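Secondary and tertiary structure notes
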Amino acid sequence: MDWQISSDDIVRVARSLIRVRSIREAAQPGAPFGMGVRRAFDAFRREAQALGIQAVRDYDGYAIEAEIGQGNEILGVLVHLDTVPEGDGWTVSPLGGIVEHGRLFGRGASDDKGPAAAALVALAAVAAQGPPLRRRVRLIAGGDEESYWQCMEHYLQHAERPTLGFTPDSEFPLVHGEKGGLMLRIERDPQMPHRYLMEAGQQPNVVPDRARLEFAQPVPPALATDRALELGIQLVPDDQDPRRIFEVLGAGAHASVPHLGTNAVCEALRLFQDHLGDPLLELLAADTDGSALGIAHQEPDLGAVTVNLGIVHHDATGTRIWLDIRYPRGMTGPEIARKVALKVKPLGARVITEFDAPVHWVSPDDPLVLDLLSVYRRHDGTRDRPQGRPEGEAARRPRHHGVRRAGALGFPGRPSGAGSAVRVPPAYRRPVAADDHGRPHLRPHARARRRVRPAVPGPAGDGPSGGRARVRRGPRARRAHLRRRDRGARSRITARAERAGLVGGRPSLCFRCRWDQSADAVLPAAANSASFASDSGVGRPLATPQ
């Protein structure tokens, strides 16, 4: 098989996966997470085999993997094919895989079906044209990442544990640390008298965008609507019973950035504070940094604690509330759970820990981090530093899966917490597209024009004030300058990789608009990381994407 990485293949595979609705549903035979995830696994297998990867193994509907290469060690590339529910407010079909204005739209386009498609096509290209690998490269796709990660618990019981790994759905240039993730369920027995019902949220890791309330006693419509207008809250009375049943609207966001959304439960408490009067809900909805719960904490690398009130079920059988808490270094999940339990116990509630993934941190000097960074820098021409990811989502995943050395690579165009749109290659673009700031997308050399500033004082020279003229470069011109500067002094790791034939392709002039430009080098570099072969000619460089 002789072919190159194709942007068309990545878009085609991504659209194939996006068109499958793969939220967690009731278990069925061979489908522990429901038939939607099962169909997503079937689509993954079809696409892998169509790309020439025959080593595809399904682990009882919990996870599926595709593998290439030989060796005793395993590089794991970890993705997931399940998604959160679609939600409301879409202007295109969330399951359509629509390409518009240079973007691919759909639930899971950037979290995590788009990255899964890019990794699968890169895997196939490396297998077809890449150098011999000293490690096996295994693309592992789970089916329960958005809920309880039972997929990887089952996988690790039945599969060989990867030696090292990364996830391809984070941020550039590379993430080597992420917050811990704690999911708490808070329960309270029924209260008498029962004054209202409340249903809000579908997933703990999503800010609820609507809350449905049903009051035992009628609420004067004028009082509700007038106060809603005064507070700027969207309120929708029920057509059948507009005095007792209401829907309060908010704005969804990912639980890792709850401040970017508008929690509908918080809006309902503001609007109906005289009719609800629930101290437990008021405590849990008081803030998103954990101050009210006594767990506020911040550290320089990973940022501050975030708390998302994700699901509320309040009815005649009692109250059940789910919190999604992300915490940085210096804290532990059990410590946080104990502090929350002390706060809610006087209000008649108890705390159950449903899930706890500790903080993930890999040294920025780790060989895997350095190797992946060298690939990124070669293709992008920048010297961006690796980062800890304050939100906490991707690089933490391999650690929870038992991979000790793990990082996360970026995927261009990901809106924070949205998981719904990614940039597509120029072949799919309309004549005029816009960048992330709404500006027209210009040619790289047009955006890199240098601006000349007046000369600054200095030693005698050619400037008007005796000094040399100072040239102020734009961002792309600075990248080009760094590339020129580094041609004569490349890093030792990159030079050894080139001699071994393990890195190929040309640097991208417009990297953000070419998702797959570095995919031809990431996998072989990572699979051979830590100790590159010193003899030349181990394998020829991979073909450059067209």
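Fair warning: this is a prediction, and the values are worked out from it, not measured in the lab.

1. Considerations on the pattern of salt bridges
- For the structure on display, the rule yields 28 salt bridges.
- Between Arg12 and Glu47 there is a salt bridge, with the nearest N and O atoms lying 2.5 Å from each other. Taken together, the positions of Arg12 in helix 1 (residues 7-18) and Glu47 in helix 2 (residues 35-50) put the pair 35 residues apart, joining distant regions of the chain.
- When its relative accessible area of 10% is taken as the criterion, Glu47 is described as buried.
- Between Glu160 and Arg136 there is a salt bridge; the shortest N-O distance is 3.1 Å. Residue Glu160 is found in the loop between helix 4 (150-158) and strand 7 (164-170), and its partner Arg136 is found in strand 6 (residues 136-142); the two are separated by 24 residues along the sequence.

2. Some details on the sheet that holds strand 17 (residues 318-327)
- One open sheet accounts for eight strands, arranged 12-13-11-10-16-17-9-18; its pairing is antiparallel. The sheet terminates laterally at strand 12 (234-237) and strand 18 (349-357), the two strands that pair on one side only. When strand polarity is set aside, the average angle formed by the axes of neighbouring strands in this sheet is 20°.

3. A look at the nonpolar core
- Core analysis: the largest hydrophobic core is formed by 54 residues, its most contacted members being Phe44, Ile53, Leu81, Leu120 and Leu139.
- Per element, the largest residue contribution to this core is nine residues, and it comes from helix 3 (residues 113-129).
- Leu235, Val248, Leu280 and Leu284 belong to the second largest nonpolar core, which has 46 residues in total.

4. Thoughts on the environment of Arg135
- On the secondary structure map, Arg135 appears in the loop between helix 3 and strand 6.
- Residue classification places Arg135 among the buried residues on the basis of a relative accessible area of 6%.
- Here the side chain of Arg135 touches Glu73 through a polar contact of 2.6 Å, side chain to side chain.

5. Some points on the packing of aromatic side chains
- For the structure shown, the criterion picks out six aromatic pairs.
- Ring centres of Phe33 and Tyr62 lie 5.3 Å apart, and the angle between their planes is 85°; this geometry places the pair in the edge-to-face category. Here Phe33, found in the loop between helix 1 and helix 2, pairs with Tyr62, found in the loop between strand 1 (56-59) and strand 2 (63-68); they are 29 residues apart in sequence, far enough to count as distant.
- Owing to a relative accessible area of 1%, Phe33 belongs among the buried residues under this scheme.
- Owing to a relative accessible area of 23%, Tyr62 belongs among the partly exposed residues under this scheme.
- For the ring pair Tyr59 and Tyr155, a centre distance of 4.9 Å and an interplane angle of 70° mean the geometry is edge-to-face. Pair noted here: Tyr59 is in strand 1 and Tyr155 is in helix 4, with a separation of 96 residues, a long-range link. With respect to burial, Tyr59 and Tyr155 carry one shared label: buried.
- By way of ring pairs, the aromatic residues Phe215, Phe246 and Phe272 are connected into one cluster.
- Directly above the ring of Trp361 sits Arg329, whose terminal nitrogen or CZ lies 3.8 Å from the centroid.

Cut-off values and rules
Residues numbered from 1 in each chain as written. Predicted model: local features only at pLDDT ≥ 70, side-chain atom pairs only at ≥ 80, totals over all residues. Heavy atoms only, no water. Salt bridge = Lys/Arg side-chain N within 4 Å of Asp/Glu carboxyl O. Helix = DSSP H or I, 4+ residues; strand = E, 2+ residues; numbered from the N terminus. Buried < 20%, exposed > 50% of the residue type's maximum accessible area, 1.4 Å probe, protein only. Pairing = 2+ DSSP bridges. Axes fitted to C-alpha atoms, helices over the stretch in contact; angles between N-to-C directions. Core = buried A, V, L, I, M, F, W, Y, C linked by side-chain atoms within 4.5 Å. Polar contact = N/O pair within 3.5 Å; in protein donor to acceptor, adjacent residues only side chain to side chain. Phe/Tyr/Trp six-rings, centres within 6.5 Å; stacked < 30°, edge-to-face > 60°. Lys NZ or Arg CZ within 6 Å of the ring centre and 35° of its normal.

Everything listed is a geometric property; what it means functionally is a separate question.
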